[in-house]
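# Examination of the molecular architecture
This is what each chain is made of:
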Amino acid sequence: MPWRTTPDEYGGILGTGCHEAGIVTEEEFVAEYMAHVRPGYVLSPFHVAFALFRFSVIFVGIADRARAGNANSAEAADLGPLAERFAERALEAISLSA
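Residues numbered from 1 in each chain as written. Predicted model: local features only at pLDDT ≥ 70, side-chain atom pairs only at ≥ 80, totals over all residues. Heavy atoms only, no water.

## Regarding the pattern of salt bridges
Side chains that carry opposite charge are capable of pairing whenever their charged atoms lie near each other. Just so we agree on the cut-off: Counted as salt bridges are all cases of a side-chain nitrogen of Lys or Arg within 4 Å of a carboxyl oxygen of Asp or Glu. Counting from the N terminus, the helices are DSSP H or I runs at least four residues long and the strands are E runs at least two residues long. Only protein chains enter the accessibility calculation, which uses a 1.4 Å probe; a residue whose area is less than 20% of its type maximum is buried, one above 50% is exposed, and one in between is partly exposed.
Within the structure shown, the criterion is met by six salt bridges. Between glutamate 26 and arginine 4 there is a salt bridge, and its shortest N-O distance comes to 3.1 Å. With glutamate 26 in helix H1 (residues 26-34) and arginine 4 in the segment before H1, the pair connects residues that are 22 residues apart, well separated along the chain. As a salt-bridge pair, aspartate 64 and arginine 67 come within 2.3 Å of each other at their nearest N and O atoms. Residue aspartate 64 and its partner arginine 67 are located together in helix H2 (residues 45-68), separated by three residues, close to a single helical turn. According to the relative accessible area criterion, aspartate 64 is partly exposed, its value standing at 38%. In this structure arginine 67 comes out as exposed when scored by relative accessible area, which is 64%. Among the charged side chains, a salt-bridge network with shared partners connects Asp8, Glu9, Arg85, Arg89 and Glu92.

Below you can see the structure in the form of structure tokens.
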């Protein structure tokens with residue numbers, strides 16, 4: 001997910017040029033990961049979109065708790081807008097498969 005989100009979207013690295021500093025690309029990371037999983041497993045855009053939508057729902061819950069006054073962090077209210085942004089990133093991930 002860090003490769004799919006920007007620094008202001010919960011610490012992502014999209015658009016930072018961090019690869020020049022030695023951080024691996026998403027493709028390199030996935031290739032290394034896939035080298036250690038069961039044969040036949042395929043990482044699809046669905047999996048990426050699911051992870052991003054999952055975080056979107058988590059951010060909705062955090063924002064709801066902040067509005068109710070029982071959030072775990074003073075910064076919880078700031079995370080609410082990330083729900084929509086992560087949902088948008090999930091839709092982008094799905095459209096990559098088309």
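## So, unusual backbone geometry
The phi angle at tyrosine 10 is positive, at roughly 65 degrees, despite the residue not being glycine. Mapped onto the elements of the fold, tyrosine 10 is located in the segment before H1. Residue classification places tyrosine 10 among the exposed residues on the basis of a relative accessible area of 51%.

Read these as layout, nothing more, since geometry by itself doesn't imply function.
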